[in-house]
Each structure stands twice: as structure tokens, then as C-alpha cells.
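Structural description and commentary
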Amino acid sequence: MENCYTNLANAFILLAVKDYRRALRRQKKVPEDKAVKTRKLECERFFRSGWFEVLTSLDGEVLLDKLYQEVYGE
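Small disclaimer: the values here were computed from a predicted structure and weren't measured. (Residues numbered from 1 in each chain as written. Predicted model: local features only at pLDDT ≥ 70, side-chain atom pairs only at ≥ 80, totals over all residues. Heavy atoms only, no water.)

**What about helix H2 (residues 34-47)?**
Under the convention used in this document: In this text, helices come from DSSP runs of H or I with a minimum length of four residues, and strands from runs of E with a minimum of two, each type numbered from the N-terminal end. Expected span, for any helix, means 1.5 Å times one less than how many residues it has. Three labels apply to residues, based on accessible area from a 1.4 Å probe with only protein chains included: buried if under 20% of the type maximum, exposed if over 50%, partly exposed otherwise in between. In this description, the arc belongs to the directions extending from the helix axis to the C-beta atoms. N or O atoms within 3.5 Å of each other form a polar contact, as long as, within protein, one can give a hydrogen and the other can take it, and as long as residues adjacent in sequence are counted only when both atoms are side-chain atoms.
Between its first and last C-alpha atoms H2 spans 20 Å; for 14 residues at 1.5 Å apiece the expected length is 20 Å, and the two agree. Taken as a whole, H2 has its buried residues at Val36, Lys40, Cys43, Glu44, Phe46 and Phe47. Projected down its long axis, H2 shows its buried positions confined to an angular sector of 160 degrees, all on one face. Of the exposed residues in H2, the ones pointing more than 90 degrees away from its buried face are Lys34, Ala35 and Arg45. Between a side-chain oxygen at the N-terminus of H2 and the backbone nitrogen of Ala35 the separation is 3.0 Å; the capping residue is Asp33.

So, in C-alpha cells, the structure goes:
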């Protein structure tokens, strides 16, 4: 049963990763898009939240940095 919960937690995290990547890529192309800025901030808030810490042992800040570098190459 615990494996089911782990799979569900991983699915939440993967969806947030995809949303964040998409937001970063869109923001790179259209920096003035307010909806994208909002989505990006929502994702960042999730990766820094206590809820994220409950779901995984990953470091949210490290993950954010890696995703940013993946898109912006900095």
C-alpha cells in the first residue's frame, strides 16, 4: 500500500516539474506573459513548501536550480 502513496507523490512532483519547465520555456520566449509568471511562482511556492517536504526527500531549491539551468543554461 505504501508503494501506491509513493507513486502518487511522485506523480504530483513530476507534474509540477513539467509545469515549471513549461512555464520557464514560455517565460523565456514571452517574458511579459503574466499567466506564465503566475504559474512559475505557484510551482516555486510548491517546491519550497512543507507539502513538498512531506512528499519527498528531494531538496526543492536544488531541483528549482537544476530546472532553471536546464532551460536557461546558466
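**Concerning the packing of helix H1 (residues 2-29) against H2**
We apply this condition: The axes are straight lines fitted to the C-alpha atoms, using for helices just the contacting stretch, and the angles between their N-to-C directions are given from 0 to 180°. Handedness of a crossing is defined here by the sense of rotation of the near helix relative to the far one, left-handed for an anticlockwise turn of less than a right angle and right-handed for a clockwise turn. Contacts between residues were defined by any pair of non-hydrogen atoms, one from each residue, lying within 4.5 Å. Note on residue categories: nonpolar means Ala, Val, Leu, Ile, Met, Phe, Trp, Tyr, Cys or Pro, charged means Asp, Glu, Lys or Arg, and polar means any other residue, Gly included.
Following both chains from N to C, one finds H1 and H2 inclined at 145 degrees, their axes separated by 9 Å at the closest point. The interaxial crossing formed by H1 with H2 has left-handed handedness. In this structure, H1 contributes Ala16, Val17, Asp19, Tyr20, Ala23, Leu24, Arg26 and Gln27 to the contact, and H2 contributes Val36, Arg39, Lys40, Cys43, Glu44, Phe46 and Phe47. For the contact of H1 with H2, the residue count by class is nine nonpolar, one polar and five charged.

**Thoughts on the pattern of salt bridges**
The cut-off we apply is this: By definition here, a salt bridge exists when the distance from a side-chain nitrogen of Lys or Arg to a carboxyl oxygen of Asp or Glu is within 4 Å.
Counting across every chain of the model gives eight salt bridges. Two residues, Arg39 and Glu42, come together in a salt bridge whose shortest N-O distance is 3.3 Å. Of the two residues, Arg39 and Glu42 both sit in helix H2, three residues apart, roughly one turn of that helix. With relative accessibility at 40%, the residue Arg39 sits in the partly exposed group. According to the relative accessible area criterion, Glu42 is partly exposed, its value standing at 33%. With a closest N to O distance of 4.0 Å, Glu44 and Arg48 form a salt bridge. Overall, Arg48 belongs to the partly exposed group, its relative accessible area being 47%. Three or more residues are tied together by salt bridges with common partners; here these are Lys40, Glu44, Arg48 and Glu61.

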